[in-house]
Amino acid sequence: MGERPSAIAPLYSREGITLYLGDCRDILPALARESVDMVLTDPPYGMKRFATDGKDYLHAVAPALRQAWEVLKEGGSMFVFTSPWEAVKVAAKVGLPVRRLFWM
């Protein structure tokens, strides 16, 4: 992998809305605790389901979701694109409460 950027710049910022695009491992540490209204993420689902993966999904995703939870404001929302079963497993592993679970 290449070097990680030293400065994080928003993709879009206007009228109280700021969007970041990039690796959450770079962006989340740069954000203040309880400063985010919503987290929208599509983690690498399906890891360890193919012989070539060789990675543990929960091990790979848990640290990033913990960091996302720390920057989320009280009453904020986190949307994680995954299956219902994976959402429950990840939340339990990370130690996050599942307040509502929607599956589309």
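Shown above is the structure to which this text applies.
For the structure given in this document, a descriptive report is provided here. (Residues numbered from 1 in each chain as written. Predicted model: local features only at pLDDT ≥ 70, side-chain atom pairs only at ≥ 80, totals over all residues. Heavy atoms only, no water.)

Broken down by element type, the protein carries three helices and four strands. Taken from the N to the C terminus, the helices and strands of the protein come in the order β-β-α-β-α-β-α. In the protein, buried positions account for 26% of the 104 residues. In the protein, the proportion of contacts linking residues at least 24 apart, taken out of those at least 6 apart, comes to 58%. Carbon together with sulfur atoms contributes 56% to the accessible area of the protein, which is approximately 8,000 Å² in total. (Helix = DSSP H or I, 4+ residues; strand = E, 2+ residues; numbered from the N terminus. Buried < 20%, exposed > 50% of the residue type's maximum accessible area, 1.4 Å probe, protein only. Contact = heavy atoms within 4.5 Å. Areas by Shrake-Rupley, 256 points an atom, 1.4 Å probe, with all protein chains shown as cover.)

Here we take up unusual backbone geometry. Phi at Glu15 is positive, roughly 50 degrees, even though this residue is not glycine. Relative to the elements of secondary structure, Glu15 occurs in the loop between strand 1 (12-14) and strand 2 (17-19). On the basis of relative accessible area, Glu15 is assigned to the exposed category, the value being 72%. Of note in the backbone geometry, Glu34 takes a positive phi value of approximately 50 degrees without being a glycine. Mapped onto the fold, Glu34 is located in the loop between helix 1 (24-27) and strand 3 (36-41).

What follows covers the pattern of salt bridges. Evaluated as defined, the whole model comprises four salt bridges. A salt bridge links Arg25 to Asp23, with the shortest nitrogen-to-oxygen separation between them at 2.6 Å. Linking Arg33 and Glu70 is a salt bridge whose minimum nitrogen-to-oxygen distance equals 3.4 Å. With Arg33 in the loop between helix 1 and strand 3 and Glu70 in helix 2 (residues 57-71), this pair connects stretches of sequence that are 37 residues apart. Residue classification places Arg33 among the exposed positions, given a relative accessible area of 58%. For Glu70, a relative accessible area of 40% gives the class partly exposed. (Salt bridge = Lys/Arg side-chain N within 4 Å of Asp/Glu carboxyl O.)

Right, let's talk about a nonpolar patch on the surface for a bit. A cluster of nonpolar side chains, contributed by Leu11, Tyr12, Ile17, Leu19 and Leu21, occupies part of the molecular surface with about 530 Å² of accessible area. Tracing the backbone shows Tyr12 in strand 1. (Patch = residues over 30% accessible without salt bridge, like charges linked within 9 Å, V, L, I, M, F, W, Y side chains within 5 Å.)

A word on helix 3 (residues 84-94). All of the buried residues along helix 3 are Glu86, Ala87, Val90, Ala91 and Val94. With its buried residues spanning 130 degrees around the axis, helix 3 presents them on a single face. More than 90 degrees from the buried face of helix 3, the exposed residues found are Trp85 and Ala92. Directly beyond the C-terminal end of helix 3, a positive phi value near 85 degrees is found at Gly95. (Arc of directions from axis to C-beta.)

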